[in-house]
Number of protein chains: 2
Amino acid sequence: MRVYNFAAGPSTLPLSVLETAQKELLDYAGTGMSIMEMSHRGKPFMAVNDEAQALLRELLGIPEEYAVLFVQGGATQQFAAVPLNLMQKGKADYLVTGNFASKAYEEAQKYGDVAIAASSKDKAYTYIPDMKTLKVRDGIDYLHMTHNNTIFGTRITELPEIDAPIVADMSSSILSEEIDVTKFGLIYAGAQKNIAPAGLTIVIVRRDLIGKAAPICPVMLDYAVQAKNDSLYNTPPCFPIYMAMLVFRHIKALGGVKAMQKINEEKAALLYDFIDNSSFYTNRVNPKDRSIMNVPFVSPSEELDAKFVSEAAKAGLVSLKGHRVTGGMRASIYNAMPIEGVRALIDFMKKFEMENK
Amino acid sequence: MRVYNFAAGPSTLPLSVLETAQKELLDYAGTGMSIMEMSHRGKPFMAVNDEAQALLRELLGIPEEYAVLFVQGGATQQFAAVPLNLMQKGKADYLVTGNFASKAYEEAQKYGDVAIAASSKDKAYTYIPDMKTLKVRDGIDYLHMTHNNTIFGTRITELPEIDAPIVADMSSSILSEEIDVTKFGLIYAGAQKNIAPAGLTIVIVRRDLIGKAAPICPVMLDYAVQAKNDSLYNTPPCFPIYMAMLVFRHIKALGGVKAMQKINEEKAALLYDFIDNSSFYTNRVNPKDRSIMNVPFVSPSEELDAKFVSEAAKAGLVSLKGHRVTGGMRASIYNAMPIEGVRALIDFMKKFEMENK
């Protein structure tokens, strides 16, 4: 029996995508081989690589002046790749709104002069700083931000008006809502939340920003090398790219990102409304900054939190334990979580509240 | 219908492993989730990660003083990671015996003083230099070599007697023959040839060599960070790690690396004997340096080579085209290629020779 899986990443995938992968696993498209077994330079895989890129371009409206790269190492590797590629003046500012934002800021210090444009650490990362109050220095190469904070359940809904390129980590929000790619210099995302199995990282980068990597940049982290080779400089993570293609087809068939956003907003509204109307459950995030992907909440006590997580799992609602930094619970309701899963969670929350009030 | 797939990598996987993966794809071990969908910090995946490491240690006899890491980026990323971690005196020597050996040497130049200990470029990489003639400098941090040259079909069967640690790229030979891990300071291998789908890189490193990475080393490339976190510093490539575990179980069930080596030597001997006794096919490699994993060969003309590759594919023997650098044909006969595949190839070669002599 399949469960409702609220894991923050790796996370639930569309059932129909898994079923297709299962069906094709021993023989992809009549080749007599699994998609995992074939040369990345052969026609069948090259077609997958091309279709995945074309579909992502279509879904996000990515213009030709941006390169789309399929790389490895997760967002954490991008924390180094971004400064190694983009820090040509040696100066960048960071918006520190959570755990990963903070790690990105720390990693960048290895490569240049970095400063904090704003931080929400003062209130345990439960809000997004006002974009009008950012301290953005003159002459920076870029401003880095985390678009959605997976652990703390916040998201950026408004961008600052600045001259420097904006670099955004969209690991937990990519394809969940419509964005204007041209407002960003670079977008990156680990695939394992909203796209595909772990092992694939998406980079979308304005072409005029690349080609000037630091001399010490490892060749695998050089965006220009990856762009020139269509992400096939060496063997790419073929299976996650194939899974991404299937997920992109699935999203397109459902009506694209606009349709995903509508259902994601509906799912999030259901859950937040229930929490806000409850005297038992609390979400501590500033309402206007709430994520539509990750919903952290607590019950009246740590003991009840632990009981909740354990009993929910028995009821087929799994991976609801909050991150070790925040405690409590967290429901990650990515694209692939059906609204029925959110309804089932709310029903369980009601029942648990009645039994434990 | 499954074909015999002689691809150099990604390459054929054991059918029984693919069948297990297919069966479990929607529900791993009764969790109600795919192995691709679950948190890398949850018990089911942690058990996979632990078992994969334990089995690899058992199969290769890796002592406790070596760390085993599951990372990303392929061997090409290790071309940078090795000098970034190991070049504490800033000096290393490279044995240049092929395309990837040469790329490793080039990448290392970004990080220190590197020199060529020996090269076989003079004879188009068709031999391995005599280990007694290497020019190994005093005070180097390590000597780097490519254990098996996938493109040129050579392999190292003897190690030099030197004081510095030996670093070996075993991407196309790992688990194909018994090795004494303690003769090496570091072994790395892209998994996509002899182990698992692309997206996983294995690193086996003596613990006393790590913990002194260059300050500019990206955190994801820092072996000490990966070792300390059991390769879970960030989200690892979970699915390839799971597949590696299944392949390791499979190799163990077949009798371990010793048994694999015996069958690999038998497969290689069948093919080389046939080629050597033929006046139609030629393998240009120095006989004592021949790879038991990758067997390049040519027919009397380029036209016949092209016809061979095309007709073989129609007969269900696929991916026999040689690398673009060498031309001709190449049969990669990794662990997962059954001896029946090699026999079928030889039968086809006989038939093709008769029809085209």
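Now for a quick tour of the structure. Note that this is a predicted model, so its numbers are computed, not measured. Residue positions are counted from 1 within each chain, in the order its sequence is given. As they are written, the chains are lettered A onward and the ligands numbered 1 onward, keeping that order. Only residues with pLDDT of at least 70 get local features here, since the model is predicted, and only at 80 or more are side-chain atom pairs given and counted; chain-wide, interface and lining totals rely on the full set of residues. Processing note: side-chain calculations cover all non-hydrogen atoms of the structure and skip hydrogens and water entirely.

### Side note on the sheet that holds strand 5 (residues 142-146) of chain B
All names here are of chain B.
Then, number 1: Strands sit in the order 2-10-9-8-5-3-4 across an open sheet of seven strands; the sheet is mixed. Of all the strands in the sheet, just strand 2 (66-71) and strand 4 (113-119) have a single pairing partner and so form its edges. Going from strand to strand, the sheet's axes swing by 15 degrees on average, the running direction of each strand aside.
Then, number 2: Being paired, for any two strands, means DSSP has found at least two bridges between them. By definition, any uninterrupted DSSP run of H or I lasting at least four residues is a helix, any uninterrupted run of E lasting at least two residues is a strand, and each is numbered from the N terminus. Here strand 8 (residues 166-169) runs beside strand 9 (residues 186-190); their pairing, made up of three bridges, is parallel. Looking at strand 9, one finds that Val167 is bridged to Leu186.
Then, number 3: Along the sheet, helix 3 (residues 74-86) makes contact with strand 2, strand 3 (91-96), strand 5, strand 8, strand 9 and strand 10 (201-206), crossing strand 9 at roughly 160 degrees. Each axis is a line fitted through C-alpha atoms, taken for helices only over the stretch in contact, and angles between the N-to-C directions span 0 to 180 degrees. The contact criterion used is simple: two residues touch if any of their non-hydrogen atoms lie within 4.5 Å.

### Things to note about the side chain of Asn356 of chain A
Then, number 1: Along the polypeptide, Asn356 of chain A turns up in helix 9 (residues 339-356).
Then, number 2: Between buried and exposed lies partly exposed: a residue is buried under 20% and exposed over 50% of the maximum accessible area for its type, with that area taken using a 1.4 Å probe on protein chains only. A relative accessible area of 13% places Asn356 of chain A in the buried class.

### Looking at the relation of the copies chain A and chain B
Then, number 1: Overlay of chain A on chain B (RMSD 0.0 Å): rotation 180 degrees, translation along the axis 0.0 Å. On the angle and the small slide along the axis, the relation comes out as a two-fold axis. When C-alpha distances to the rotation axis are compared across chain A, the minimum falls at Gln22 of chain A, with a value of 2.7 Å.
Then, number 2: Taken as a fraction of all interface residues of chain A, those also at the interface in chain B reach 100%, which identifies the copy contact as same-surface. Our superposition of the copies is a least-squares fit, built on the C-alpha atoms of residues whose pLDDT is at least 70 in both.

### What to know about empty space enclosed by the protein
Then, number 1: Using a 1 Å grid laid over the protein atoms alone, points where a 1.4 Å probe fits but cannot get out form a cavity; open sets with protein on both sides within 12 Å along at least 5 of 7 lines form a pocket; any residue with an atom within 4 Å of a point counts as lining. Grid points are joined across faces, edges and corners, and a volume is the space filled by probe spheres set on the points. By the definition in use, this model includes seven cavities of 30 Å³ or more.
Then, number 2: Of the pockets and cavities examined, the largest cavity occupies roughly 100 Å³.
Then, number 3: Along the walls of the largest cavity sit 16 residues, with Val71, Gln72, Gln77, Met220 and Gln226 of chain B positioned nearest its centre.
Then, number 4: Mapped onto the lining of the largest cavity, the elements with two or more residues apiece are strand 2, helix 3 and helix 5 (223-228) of chain B.
Then, number 5: Considering every element that reaches the lining of the largest cavity, the biggest residue donor is helix 3 of chain B, with three residues.
Then, number 6: When grouped by side-chain class, the residues that make up the lining of the largest cavity number eight nonpolar, eight polar and no charged.
Then, number 7: Empty space within the second largest cavity amounts to approximately 80 Å³.
Then, number 8: Lining the second largest cavity are 14 residues, with Pro14, Asn194, Val247, Asn335 and Ala336 of chain A sitting closest to its centre. Three classes are used: nonpolar for Ala, Val, Leu, Ile, Met, Phe, Trp, Tyr, Cys and Pro, charged for Asp, Glu, Lys and Arg, and polar for all others, with Gly counted as polar.

### A look at the sheet that holds strand 9 (residues 186-190) of chain A
Residues and elements named next belong to chain A.
Then, number 1: Here seven strands make up an open sheet; going across it, the order is 2-10-9-8-5-3-4 and the pairing mixed. Each edge of the open sheet is held by one strand with a lone partner, namely strand 2 (66-71) and strand 4 (113-119). With direction set aside, neighbouring strand axes in the sheet form an average angle of 15 degrees.
Then, number 2: Alignment of strand 3 (residues 91-96) against strand 5 (residues 142-146), held across three bridges, turns out to be parallel. If you follow Ala92 over to strand 5, its bridge partner there is Tyr142.
Then, number 3: Across the sheet, helix 4 (residues 99-108) touches strand 3, strand 4 and strand 5, and the angle it forms with strand 3 is around 160 degrees.

### Let's talk about the packing of helix 8 (residues 302-314) of chain A against helix 9 of chain A
All names here are of chain A.
Then, number 1: Orientation of helix 8 relative to helix 9, taken along the N-to-C sense of each, is 130 degrees, at an axis distance of 11 Å. Taken together, helix 8 and helix 9 sit at an angle that is classed as oblique. Note that helix 8 runs across helix 9; the crossing there is right-handed. Two secondary-structure elements touch here, helix 8 through Leu304, Lys307, Phe308, Glu311 and Ala312 and helix 9 through Leu345, Phe348, Met349, Phe352, Glu355 and Asn356.
Then, number 2: In the contact of helix 8 with helix 9, the residues fall into seven nonpolar, one polar and three charged. An angle below 35 degrees is treated as roughly parallel, one above 145 as roughly antiparallel, one from 65 to 115 as roughly perpendicular, and anything else as oblique. Left-handed describes a crossing whose near helix is turned anticlockwise from the far helix by less than a right angle; the clockwise case is right-handed.

### Notes on helix 3 of chain B
Then, number 1: Its 13 residues place the ends of helix 3 of chain B 18 Å apart at the C-alpha level, agreeing with the 18 Å of an ideal helix rising 1.5 Å per residue.
Then, number 2: Counted residue by residue, helix 3 of chain B has 13 buried out of 13 residues, so it is predominantly covered. Helix span is expected to be 1.5 Å times the residue number reduced by one.

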